[in-house]
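Chain by chain, the residues:
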Amino acid sequence: MKPTDIIKDKEYFHRVVDCQFACPAHTPVPEYIRLIAQQRYTEAYMINWESNVFPGVLGRTCDRPCEPACRRGRVEEEPVAICRLKRVAADHKDEISAHLPVIPTTKNGRKIALVGAGPASLTVARDLAPLGYELHVYDEQKKGGGFMRSQIPSFRLPESVLDEEVGYILDMGLVTHFNNYVDSLQDLLSQQYDAVFVGSGAPRGRDLANLPGRQEADDSIHIGIDWLASVAFEHIETIGKRVVVLGGGNTAMDCCRTARRLGGEDVKVIVRSPYEEMKASPWEKEDATHEGIPIIENHVPLEFVHEGGKLVGMRFEKVQAVYDDHGKRSLVPTGEEPVLYPCDAVLVAIGQENAFPWIENDIGIEFDDWGMPVLNPQTYQSSLSNVFFGGDAAFGPKNIITAVAQGHQAAISIDLFCNGQKVEERLPPSTNLVSQKMGIHEWSYDNGITTDDRKIVPLVELTSALQNRSLEVELGFDVQTAFVEAQRCLNCDVQTVFTDDKCIECDACVDICPMDCINFIENAEEEELRQNIRVKAVNVEQALYVSGELKTGKVMVKDEDVCLHCGLCAERCPTAAWDMQQFYYQVTKAASACKK
Amino acid sequence: MTYMRPEFRHPDLPVNDLGYTRKDYEGAISTLCAGCGHDSISAAVIQACFELAIEPHKVAKISGIGCSSKTPTYFLGKSHGFNSVHGRMPSVATGANLANRDLTYIGVSGDGDTASIGMGQFTHAVRRNLNMLYLVENNGCYGLTKGQDSATSDIGSIGKKGTPNLFEPIDLCTLALELGATFVARSFSGDKDQLVPLIKAAISHCGFALIDVMSPCVTFNNNPNSTKGYEFVRDHIAATGKTDFIPVRKEIMAEYNPGFTQEVTLHDGSVIHLYKNDSDLDLHDRLSAIQAIHRCKEKNEILTGLLYLDPDCEDLHQILGTVEKPLRDQDEEVLCPGSKALEAINESLR
Ligand SMILES: Cc1cc2nc3c(=O)[nH]c(=O)nc-3n(C[C@H](O)[C@H](O)[C@H](O)COP(=O)(O)OP(=O)(O)OC[C@H]3O[C@@H](n4cnc5c(N)ncnc54)[C@H](O)[C@@H]3O)c2cc1C
Ligand SMILES: Cc1ncc(C[n+]2csc(CCOP(=O)(O)OP(=O)(O)O)c2C)c(N)n1
Ligand code: SF4
Ligand code: SF4
Ligand code: SF4
Ligand SMILES: [Mg+2]
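Reading the values: the criteria
Residues numbered from 1 in each chain as written. Chains lettered and ligands numbered in written order. Predicted model: local features only at pLDDT ≥ 70, side-chain atom pairs only at ≥ 80, totals over all residues. Heavy atoms only, no water. Helix = DSSP H or I, 4+ residues; strand = E, 2+ residues; numbered from the N terminus. Rg over C-alpha atoms; globule rule 2.2 N^0.38 Å. Buried < 20%, exposed > 50% of the residue type's maximum accessible area, 1.4 Å probe, protein only. Contact = heavy atoms within 4.5 Å. Lys, Arg positive; Asp, Glu negative; His and termini not counted. Charge placed at Lys NZ, Arg CZ, Asp CG, Glu CD. Areas by Shrake-Rupley, 256 points an atom, 1.4 Å probe, with all protein chains shown as cover. Buried area = accessible area lost by both parts, 1.4 Å probe. Salt bridge = Lys/Arg side-chain N within 4 Å of Asp/Glu carboxyl O. Polar contact = N/O pair within 3.5 Å; in protein donor to acceptor, adjacent residues only side chain to side chain. Nonpolar A, V, L, I, M, F, W, Y, C, P; charged D, E, K, R; others polar. pLDDT = per-residue confidence, 0-100. Pairing = 2+ DSSP bridges. Axes fitted to C-alpha atoms, helices over the stretch in contact; angles between N-to-C directions. Core = buried A, V, L, I, M, F, W, Y, C linked by side-chain atoms within 4.5 Å. Donors = N, O, S within 2.8 Å, 3.2 Å for Na, K, Ca; no water. Near = heavy atom within 4 Å. Expected span 1.5 Å × (residues − 1). Patch = residues over 30% accessible without salt bridge, like charges linked within 9 Å, V, L, I, M, F, W, Y side chains within 5 Å.

Q: Please set out the overall build of chain B residue by residue, giving values where relevant.
A: Summing up its helical and strand segments, chain B has 12 helices and 13 strands in all. In terms of overall dimensions, chain B is globule-like: its C-alpha atoms have a radius of gyration of 21 Å, near the 20 Å expected for 350 residues. Over its C-alpha atoms, taken along the principal directions, chain B stretches across nearly 70 × 55 × 55 Å. The buried share of chain B, taken over its 350 residues, is 53%. Taking all contacts inside chain B whose residues are at least 6 apart in sequence as the whole, residues at least 24 apart take part in 70%. Between the mean site of the 32 positive side-chain charges and the mean site of the 44 negative ones, chain B shows a separation of 6 Å.

Q: Help me get a handle on the overall build of chain A, residues and values and all.
A: On a plain count of helices and strands, chain A comes out with 23 helices and 24 strands. By the compact-globule yardstick of 25 Å for 596 residues, chain A fits well, its C-alpha radius of gyration being 27 Å. With the C-alpha coordinates of chain A rotated into their principal frame, the extents come out at 90 × 65 × 50 Å. For chain A, buried positions account for 58% of its 596 residues. Contacts in chain A between residues far apart in sequence, at least 24 positions, make up 72% of those at least 6 positions apart. Summing over all exposed atoms, chain A offers an accessible surface of approximately 24700 Å²; the carbon and sulfur share of this is 49%.

Q: Explain the interface of chain A and chain B to me, using residue names and the numbers behind them.
A: Of the residues lining the interface, 38 residues belong to chain A; the matching set on chain B comes to 29 residues. Of all residues in chain A, the largest losses of buried area upon contact with chain B belong to A:Asp511, A:Val535 and A:Arg572, amounting jointly to 21% of the total for that side. Our count for the chain A to chain B interface comes out at four salt bridges. Of the charged contacts, one joins B:Asp39 and A:Arg572 as a salt bridge, the two residues approaching to 2.4 Å between their closest N and O atoms. Counting across the chain A and chain B interface gives 13 residue pairs in polar contact (both at pLDDT 80 or more). Those elements that provide at least two residues to the side of chain A that touches chain B are helix H7 (72-75), strand E19 (442-443), helix H20 (508-512) and helix H22 (568-572) of chain A. Grouping the constituent residues of the side of chain A that touches chain B by class yields 19 nonpolar, six polar and 13 charged.

Q: An account of the confidence of the model for chain B is requested, with residue identities and associated values reported.
A: Put simply, chain B has an average pLDDT of 93, and 96% of its residues get 70 or more. Interface confidence for the predicted complex, given as ipTM, is 0.90, next to a pTM of 0.92.

Q: Would you mind going over the sheet that holds strand E11 (residues 261-265) of chain B in detail, with residue names and values included?
A: All names here are of chain B. Spatial ordering of the open sheet is given by E10-E12-E11, a layout of three strands whose pairing is antiparallel. Every interior strand has two partners, whereas the edge strands, strand E10 (241-246) and E11, have only one. Strand-to-strand twist across the sheet, computed as the mean angle between neighbouring axes with direction ignored, equals 15°. Here E11 runs beside strand E12 (residues 271-276); their pairing, made up of five bridges, is antiparallel. Its bridge partner being in E12, Thr265 is matched across the sheet by Val271.

Q: Help me get a handle on the nonpolar core, residues and values and all.
A: Residues A:Phe54, A:Leu128, A:Phe389, A:Ile518 and A:Trp578 are the most contacted members of the largest nonpolar core, which totals 141 residues. Broken down by element, this core gets its largest block of residues, 11 residues, from helix H17 (residues 400-418) of chain A. Discounting residues that sit within four places of it in the chain, A:Trp578 has contacts with A:Thr496, A:Val497, A:Phe498, A:Cys509, A:Ile518, A:Tyr545, A:Met556, A:Lys558, A:Cys569, A:Ala570 and A:Cys573. Listed in part, the 72 residues of the second largest apolar core include B:Val45, B:Ala48, B:Ile106 and B:Val126.

Q: Could you give an account of the coordination of the magnesium ion (ligand 6), with specific residues and numbers?
A: Residue and element names in this part refer to chain B. Within the protein, Asp111 (OD), Asn139 (OD1) and Cys141 (O) serve as the donor atoms for the magnesium ion (ligand 6), at 2.1 to 2.2 Å. Each donor residue of the magnesium ion (ligand 6) belongs to the same chain, with the gaps between them written as D-x27-N-x1-C. Side by side, Asn139 and Cys141 carry an identical accessibility label, which is buried.

Q: Residue-level account of the pattern of salt bridges, with values.
A: All names here are of chain A. Tallying each qualifying case throughout the model produces 59 salt bridges over all chains. Note that Arg84 and Glu474 form a salt bridge whose closest N and O atoms lie 2.7 Å from each other. Here Arg84, found in helix H8 (residues 82-92), pairs with Glu474, found in the loop between helix H18 (462-467) and helix H19 (479-487); they are 390 residues apart in sequence, far enough to count as distant. The burial state of Arg84 is the same as that of Glu474; both residues are buried. What you see here is one network of salt bridges that share partners, running through Asp18, Arg71, Arg74 and Asp561.

Q: Give me the lowdown on the site of ligand 5, citing residues and values where you can.
A: Taken together, 14 residues are adjacent to ligand 5, and A:Cys503, A:Cys506, A:Asp507, A:Cys509 and A:Cys573 come closest. For the shell around ligand 5, the per-class residue count stands at 11 nonpolar, one polar and two charged.

Q: Can you explain helix H1 (residues 37-52) of chain B? Please cite residues and give values.
A: Residues and elements named next belong to chain B. For H1, spanning 16 residues, the distance from its first C-alpha to its last is 23 Å, which sits close to the expected 22 Å at 1.5 Å a residue. Here H1 lies mainly inside the structure; 15 of its 16 residues are buried. Positive backbone phi, approximately 50°, marks Ala53, located one or two places after H1.

Q: A description of the site of ligand 2 should follow, citing residues and the corresponding values.
A: Residue and element names in this part refer to chain B. Residues in contact with ligand 2 amount to 17 residues; listed here are only the nearest, Ser68, Asp111, Gly112, Asp113 and Gly143. Between ligand 2 and Asp111, the relevant distance is 2.7 Å, taken from an oxygen atom to a side-chain nitrogen or oxygen of the residue. A distance of 2.7 Å separates an oxygen atom of ligand 2 from a polar backbone atom of Asp113. Contact with the protein chains covers 74% of the free accessible surface of ligand 2, which is 580 Å². Of all the elements, helix H4 (residues 111-115) adds the most residues to the shell around ligand 2, at three residues. Of the residues that constitute the shell around ligand 2, the class distribution is six nonpolar, nine polar and two charged.

Q: How would you sum up a nonpolar patch on the surface? Please name residues and give values.
A: Among the surface-exposed residues, B:Leu98, B:Ile319 and B:Leu320 lie close enough to one another that they form a single nonpolar patch of about 270 Å² accessible area. Along the polypeptide, B:Leu98 turns up in helix H3 (residues 89-99).

Q: Lay out the environment of B:Ala99 in plain terms, naming residues and giving numbers.
A: Residues and elements named next belong to chain B. Along the polypeptide, Ala99 turns up in helix H3. Under the relative-accessibility criterion, Ala99 is labelled partly exposed at 29%. Counting along the chain gives 224 residues from Ala99 to Val323, while the straight-line C-alpha distance between them is 9.7 Å. With sequence-adjacent residues up to four places away left out, Ala99 is seen in contact with Pro326 and Leu327.

Q: Please provide a residue-by-residue account of unusual backbone geometry, values included.
A: Residue and element names in this part refer to chain A. Of note, His26 is a non-glycine position whose phi angle comes to about 50°, a positive value. Looking at the element boundaries, His26 is found in the loop between helix H2 (18-22) and helix H3 (29-37). Phi angles above zero are rare outside glycine, and Asp507 is one such case at about 75°. Looking at the secondary structure, you find Asp507 in the loop between strand E20 (494-498) and H20.

Q: Tell me about the side chain of B:Asn165, and please be specific about residues and values.
A: Residues and elements named next belong to chain B. If you trace the backbone, Asn165 turns up in the loop between strand E6 (148-149) and helix H6 (172-178). On the basis of relative accessible area, Asn165 is assigned to the buried category, the value being 6%. If sequence neighbours within four positions are ignored, Asn165 has contacts with Asp149, Ser153, Asp154, Ile155, Gly156 and Ser157.

Q: Report on the sheet that holds strand E21 (residues 518-521) of chain A, specifying residues and quantitative values.
A: Residues and elements named next belong to chain A. If you trace the three strands from one edge of the open sheet to the other, you get E21-E23-E22, paired in antiparallel fashion. The two strands at the open ends of the sheet, each matched to only one other strand, are E21 and strand E22 (544-546). Mean inter-strand twist for the sheet, computed between neighbouring axes without regard to direction, equals 25°. By the bridge criterion, four bridges tie E21 to strand E23 (residues 555-559) in an arrangement that is antiparallel. The partner of Ile518 across the bridge, within E23, is Lys558.

Q: Go over a negative patch on the surface, please, and point to the residues and values.
A: All names here are of chain A. Side chains of Glu77, Glu78, Asp452 and Asp453 sit close together on the surface and give a patch of like negative charge. Secondary-structure assignment places Asp452 in the loop between E19 and H18. Judged by relative accessible area, which is 32%, Asp452 ranks as partly exposed.

This is the structure:
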């Protein structure tokens with residue numbers, strides 16, 4: 001293999017920081033976790049705010065792609081509770097207004113329209129407001145936040161948390177047009193906007209329109225996302241005692257748990273697929289189960305059973321999952337009698353779709369066969385050069401953190417576009433590498449490796465939770481627990497940096513490394529090296545760090561996979577050929593892009 | 001800010017026949033200087049015992065005084081250990097071995113501990129063919145007392161303090177060969193591919209097994225003009241050949257060139273193969289080993305690898321005809337036969 005070029009290849013060390021790499025917004029996770037351990041909550045919060053804009057919201061609701069990626073999960077059973085640590089920063093921070101960017105009073109003369117006030121649009125606004133843009137936000141709802149407000153129930157995300165973080169952005173001098181549905185892009189474009197950002201989400205819930213009984217029993221059948229929005233905006237306050245929720249995703253989980261709080265006593269989730277294959281995150285399923293909601297798998301809806309238009313139940317066919325040679329699943333009827341589940345209401349939570357009825361066909365925005373806008377995946381620019389998309393509206397329904405990440409990129413594009421620059425010519429991320437050595441056995445990070453198990457977030461008592469739709473279920477970590485959890489982090493951003501010409505090949509690092517990461521062997525092609533080292537490097541997602549040729553003709557090969565970043569290699573190296581250096585990686589935002 | 005070895009180990013670490021991983025053979029974290037050759041030797045001992053699947057509680061580690069003699073703390077943390085007096089490791093090992101022949105004895109010593117203060121002890125352990133592995137961690141100086149020249153330091157070699165050594169060195173391998181040692185090898189701490197099979201073979205040998213391991217002292221004797229530093233040793237190393245240790249159970253698969261390969265079956269049934277670099281060396285011939293060492297020395301080379309082996313020797317127990325059962329397993333009557341037995345003995349001598 002060629003020697004690893006840690007300086008030129010900015011992504012090399014980024015990949016080593018598993019959580020940050022997995023985070024769509026590339027939040028510098030280990031840095032904020034260390035700050036939490038040091039009780040520097042405000043700084044931890046601001047690092048998050050810079051990257052992901054909604055730390056308090058995300059600390060409660062994020063899909064947390066970082067956690068399955070976390071190295072700790074490869075070293076022992078459970079990853080670091082990254083997401084809930086983020087909440088700790090939000091819960092315990094001080095007043096942050098002094099840390100927020102200054103918004104220029106003299107504007108830069110450019111006017112941008114943002115359709116939708118969800119996380120994607122708000123991120124664009126947050127990045128562009130400090131640059132002096134005049135920002136107009138449109139949303140059909142009465143308040144900002146998008147689906148974070150209309151869909152995510154307040155027992156998971158208190159309104160005060162959302163109001164606070166949405167408020168930081170609205171307070172940057174945005175012109176809000178709430179209660180204002182944009183019904184024509186053409187009209188909007190004619191209002192002298194320099195650019196338009198479409199962050200309108202994926203607002204249409206799927207229905208079972210053709211199932212027998214659907215029309216007749218309509219009064220008791222609700223589309224999940226519409227129903228959740230009505231609950232959020234207090235148009236609906238009760239539901240029948242027996243509720244069937246159809247679907248296996250997170251929307252179904254929010255529907256069933258909300259139904260439990262609006263008077264549903266016998267609430268069931270009934271899903272077509274096997275339990276294991278449900279789309280909902282494992283923790284969402286656990287939360288539903290904890291609230292006494294059974295999840296019934298392998299049942300395909302057959303009909304809504306009604307008596308003269310009054311819903312009395314729902315009939316299902318039992319199926320089993322069968323897989324062909326390619327692993328493709330089909331749900332095959334078991335041949336048993338259909339089963340009837342009596343109920344008073346059904347919530348249909350079987351998926352969401354994009355819909356752009358307000359975008360005219362002939363104004364130059366190209367859509368693909370699935371009705372999605374054709375976009376450049378790096379710049380989010382549409383085929384109409386002054387219209388950009390982001391969030392669920394861009395590539396279909398995902399999650400908040402993806403909407404934020406895309407918002408940052410779209411903001412860069414809009415800024416470049418408005419300055420007459422090529423939107424494709426973007427600045428690379430900023431990176432920094434700084435030695436952590438302070439003295440003998442002394443590093444400026446806490447390199448001890450603790451063995452504590454992952455901490456569990458305490459919950460409010462169940463009966464009170466079920467009585468109050470707005471009572472937050474999770475209590476969050478107290479600071480002591482947060483400290484113990486934060487110490488579980490392996491500091492994957494503190495990199496092992498190797499300097500070949502200092503190494504005397506004494507093997508001290510090989511001998512001390514608890515994880516058998518380090519090898520001095522004959523060079524070979526990557527596949528061969530992966531086989532030849534002390535413990536075979538089977539996890540090909542994780543890189544090999546390869547040095548230049550050493551005096552004996554061998555090379556140093558380090559498997560990054562399970563390195564604990566404990567620093568013992570650097571500690572034992574007599575010549576400081578190994579050093580522990582903190583790698584800071586930051587996605588370039590519009591604010592810095594403009595200084596080009 | 002800590003200097004503790006984490007609890008975690010690689011999740012895919014191999015296990016041996018006892019179901020143990022290498023972690024089960026580790027000791028406390030080393031307090032030696034970073035980069036000390038002795039630490040590599042500890043790692044090699046750990047690897048060898050792991051591969052041999054020795055039960056850790058059936059090993060006794062015995063040492064004298066010196067940085068080298070400290071190392072038994074850093075390997076086999078679950079084994080018996082005795083950190084004795086400077087140069088006195090052989091007597092303690094002899095006593096322990098006589099009392100219980102069922103343990104594996106690993107003696108660790110330094111060049112100071114062996115070739116100076118302990119020389120008298122060393123020579124007698126050799127000639128008695130005490131069944132043990134005797135490891136000399138040879139750095140050409142007294143590391144623990146800040147690097148004075150030792151008796152193995154080459155004439156003219158310059159350590160950290162900067163004055164050349166004035167005296168002829170003692171070559172422990174040739175000396176041991178002279179004294180009738182039954183297993184003699186030399187190695188280098190920086191060459192585990194060679195050292196680990198040698199340690200395995202030495203442990204499996206039933207008799208006295210000396211391995212003289214060049215083990216650089218990074219702090220006091222790793223200068224450009226020292227003949228025991230990493231660079232010098234690497235640049236001047238020659239090997240008798242590649243040693244393979246094949247445990248009893250494994251079938252021998254390799255094809256080899258008969259003129260250059262010597263195969264020795266140890267008394268426990270395991271086999272050693274030496275793929276020789278020098279066809280004149282005969283592992284069963286002391287003289288050829290001594291000559292090979294001298295030939296290399298003349299070329300300013302350090303000959304490493306297996307040098308001599310007599311697998312059919314008798315160890316001290318066999319020579320003395322001692323009881324097989326360890327003393328601790330004998331009952332009081334046998335150990336303390338009483339005044340009548342004493343009288344009988346005295347009577348027989350009158
Ligand atoms: C029930 C449910 C629970 C969820 N839970 C989570 C969770 O826990 N964690 C997570 O990360 N993600 C969750 N999501 C997904 C997440 O909410 C979305 O992925 C995210 O909000 C998308 O952000 P966005 O900015 O693209 O659009 P949205 O948040 O959908 O915002 C779009 C806004 O645009 C408005 N709008 C649309 N069209 C127009 C128009 N023509 N004129 C004016 N306004 C318009 C809409 O009213 C809406 O307010 C959940 C989704 C659902 C349905
Ligand atoms: C009886 C006695 N004399 C002298 C000493 C001082 N002393 C301690 S270690 C040592 C030499 C150790 O050299 P070596 O065996 O080569 O070990 P190294 O530290 O080099 O590994 C000496 C002379 C002592 N501890 N006891
Ligand atoms: S251990 Fe810490 S830095 Fe490493 S992946 Fe997990 S959270 Fe990130
Ligand atoms: S930091 Fe160094 S010693 Fe620690 S696990 Fe990683 S490579 Fe091994
Ligand atoms: S400890 Fe340092 S000098 Fe020794 S082999 Fe490792 S990197 Fe090289
Ligand atoms: Mg010494």
